[in-house]
Amino acid sequence: MSLEEYREKRDFRRTEEPAGKPVEEGEPFFVIQEHDASNRHFDFRLEVDGVLKSWAVPKGPSTDPSEQRLAIPTEDHPVEYADFEGVIPEGEYGAGPVLVWDRGPYRNIREDDDGELVPLTKQVEDGHITVRLQGEKLRGGYALIRTDFRGEGNWILVKMDDDEADARRNPVSTEPESILSGRTLDEVAAEGRDGESDRDGSGETS
Ligand code: MN
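Residues numbered from 1 in each chain as written. Predicted model: local features only at pLDDT ≥ 70, side-chain atom pairs only at ≥ 80, totals over all residues. Heavy atoms only, no water.

Caption draft 1: Spotlight on the packing of aromatic side chains. Here the structure, examined in full by the defined rule, presents 4 aromatic pairs. Relative to W101, the ring of F42 lies with its centre 5.5 Å away and its plane at 80 degrees, an arrangement referred to as edge-to-face. Taken together, the residues F42 in strand β2 (residues 40–48) and W101 in strand β6 (residues 96–108) connect sequence positions 59 residues apart. Judged on exposure class, the residue F42 and its partner W101 are both buried. Both rings, one in Y81 and one in F84, keep their centres 5.5 Å apart while their planes meet at 40 degrees; by these two values the pair is tilted. When the ring centre of Y142 is taken as origin, the NZ or CZ atom of K159, which lies over that ring, is 5.1 Å away. (Phe/Tyr/Trp six-rings, centres within 6.5 Å; stacked < 30°, edge-to-face > 60°. Helix = DSSP H or I, 4+ residues; strand = E, 2+ residues; numbered from the N terminus. Buried < 20%, exposed > 50% of the residue type's maximum accessible area, 1.4 Å probe, protein only. Lys NZ or Arg CZ within 6 Å of the ring centre and 35° of its normal.)

Caption draft 2: Local environment of the coordination of the manganese ion. At the metal site, the manganese ion is ligated by H35 (ND1), H41 (NE2) and D43 (OD), and these contacts range over 2.2 to 2.3 Å. For the manganese ion, the donor residues sit on a single chain with the sequence spacing H-x5-H-x1-D. Considered together, H35 and H41 belong to a single accessibility category, that of buried residues. (Donors = N, O, S within 2.8 Å, 3.2 Å for Na, K, Ca; no water.)

Caption draft 3: Spotlight on the environment of E187. Topologically, E187 is positioned in helix α4 (residues 185–193). Assessed through its relative accessible area of 40%, E187 is described here as partly exposed. Only 2.9 Å separates the side chain of E187 from the backbone nitrogen of T184, close enough to count as a polar contact. (Polar contact = N/O pair within 3.5 Å; in protein donor to acceptor, adjacent residues only side chain to side chain.)

Caption draft 4: Structural context of the nonpolar core. Residues F44, L46, W55, Y106, I129, L133 and L144 are the most contacted members of the largest nonpolar core, which totals 25 residues. Filtering out sequence-adjacent residues up to four positions away, I129 remains in contact with L46, W55, L120, Q123, V124, Y142, A143, L144 and W155. Grouped together as the second largest cluster of nonpolar side chains are 6 residues, F29, V31, L52 and I179 included. (Core = buried A, V, L, I, M, F, W, Y, C linked by side-chain atoms within 4.5 Å. Contact = heavy atoms within 4.5 Å.)

Coordinates in, geometry out; function isn't part of it.
Put into structure tokens, the structure is as follows:
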């Protein structure tokens, strides 16, 4: 909690100062990256057992509990991927711009019949994940539920009906900027086309 005061004083959509690591040691985190590959989508990732469990959400997450969003499982990503913002080059897998749309710690809130928390690994296996997010844009309970609705083992992502639910918000369209750099996806893409991959601000490109 040591950076709480620092963060409260700054709007990281406006300033280029770093927000700092979003989580305390040992606390799992989530990240959502907006990604314009062959289709624009949001990659929803949860840190579980040292990797990022990942789903591609074509429409992005909603804050409205009545909205079920298709979430297509994708391969586990390394934890370090949560810092990645930039342009995946032409010809590479997932070519296109990526930005860090939201990030923060999450809490496991799914209990079994005895009131014990169900380990996240088991929740993933069960196809029923319930977590409370503490992001800059998304907060409160979210459920990821596997459904064979289309016979493809796809999942849905849905906001739980709690005090953070808000059917009037639509952060996917009203808050498009990166929480790291304040850039939009088009700005990330344009800088990539200019041959700049200077996302750390060092003045050097590689
Ligand atoms: Mn992606």
